[in-house]
Structure formats: structure tokens, C-alpha cells
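Listed below, chain by chain, are the residues.
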Amino acid sequence: QVQLVESGGGLVQPGGSLRLSCAASGTIFSIMDMGWYRQAPGKQRELVAGITSGGSTNYADSVKGRFTISRDNAKRTVYLQMNSLKPEDTAVYYCNLIRAVARYWGQGTQVTVSS
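Residues numbered from 1 in each chain as written. Predicted model: local features only at pLDDT ≥ 70, side-chain atom pairs only at ≥ 80, totals over all residues. Heavy atoms only, no water.

Can you help me understand the sheet that holds strand β8 (residues 77–82) in this one?
Pairing between the strands of a sheet comes from backbone hydrogen bonds, and it takes one of two forms, parallel or antiparallel. One open sheet holds the four strands; their spatial order is β1-β3-β8-β7, and the pairing between them is antiparallel. One side of each edge strand has no neighbouring strand; the edge strands of this open sheet are β1 (3–7) and β7 (67–72). Geometrically, the sheet is characterised by an average inter-axis angle of 15 degrees between neighbouring strands, direction not taken into account. Inspection of the sheet shows strand β3 (residues 18–25) paired to β8 by six bridges, in the antiparallel sense. Paired with Ala23 across the strands is Thr77, a residue of β8. (Pairing = 2+ DSSP bridges. Helix = DSSP H or I, 4+ residues; strand = E, 2+ residues; numbered from the N terminus. Axes fitted to C-alpha atoms, helices over the stretch in contact; angles between N-to-C directions.)

Would you explain the state of the cysteines in this entry?
Simply put, disulfide is the name for a covalent bond between the sulfur atoms of two cysteines. In this structure the tally under the stated criterion is one disulfide. Two residues share a disulfide in this structure: Cys22 and Cys95, whose sulfurs sit 1.9 Å from each other. Taking the torsion about the sulfur-sulfur bond, which here is approximately 55 degrees, the covalent link between Cys22 and Cys95 counts as right-handed. Within this pair, whereas Cys22 is found in strand β3, its partner Cys95 is found in strand β9 (residues 91–97), the two being separated by 73 residues in sequence. Here the two residues Cys22 and Cys95 agree in accessibility, since each one is buried. (Disulfide = S-S within 2.5 Å. Buried < 20%, exposed > 50% of the residue type's maximum accessible area, 1.4 Å probe, protein only.)

Looking at this structure, how should I read the sheet that holds strand β2 (residues 10–12)?
Judged by pairing direction, the sheet is mixed, and its six strands sit side by side in the order β2-β10-β9-β4-β5-β6 without closing on themselves. The open sheet terminates on both sides in strands that have one partner only, identified here as β2 and β6 (57–59). Direction aside, neighbouring strands of the sheet carry axes that sit 25 degrees apart on average. Of the pairings in the sheet, the one linking strand β4 (residues 34–39) to strand β5 (residues 46–51) comprises five bridges and is antiparallel in character. Counterpart to Gly35 in the pairing with β5 is Gly50.

In C-alpha cells, the structure reads:
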């Protein structure tokens with residue numbers, strides 16, 4: 001049974017930073033291509049960053065240059081470092097495979113960017 005647990009969200013002022021973590025259990029994490037997604041109120045969930053098992057990364061244009069995805073296979077964890085945060089980054093952030101599996105969605109972690 002795969003379980004993905006997100007953490008690290010919070011309230012931050014515009015221009016601030018946060019680091020999100022996603023801990024995986026119940027699977028061979030090192031071979032999984034992982035992604036960070038977000039869903040803002042009234043909007044569809046979108047993929048904002050992905051990292052393959054080999055470490056290749058890609059980003060949505062809206063976060064490129066500000067967000068960095070990384071992984072630690074020994075800790076079975078994927079991270080999202082978010083810098084220069086903007087109010088439009090406010091959303092619930094989730095992790096899943098790059099090819100998302102519906103039953104793997106967790107509770108997510110709320111990120112609110114506001115002054």
C-alpha cells in the first residue's frame with residue numbers, strides 16, 4: 001500500500017520561502033518518477049515540478065527559476081524548495097507520481113502567500 005505524506009506548508013509573506021517534503025512508504029521509491037502538484041481554490045490541480053528516478057527535473061513555466069524539486073532516495077522523500085513566493089502560489093500542494101495515480105493522493109499541505 002503506497003502512502004505519500006506531504007508536510008512543510010504554512011503562511012508566508014510574498015517574497016518568502018518554504019520547503020515542502022513528501023515522504024513515501026510502501027513502494028520502491030527510487031524507481032518512481034515523482035511530481036509536485038498544486039490546486040488553488042476554484043482551479044484544477046496542476047503539475048508544477050517533476051523529477052525522474054534518474055534525477056532529471058522539469059517545471060511549469062509559472063514556477064521556473066523560483067522552485068526546485070529534489071529527492072533523497074535513502075530517506076524516500078521528495079522535496080520542493082519554493083523561493084520568491086507570490087500570492088498566486090497559494091494552493092494546496094500534493095505529491096504523486098508524474099503519471100499520477102488516483103489512489104495515491106494524500107491530504108496535501110496548504111501554502112498561503114499573503115501579507
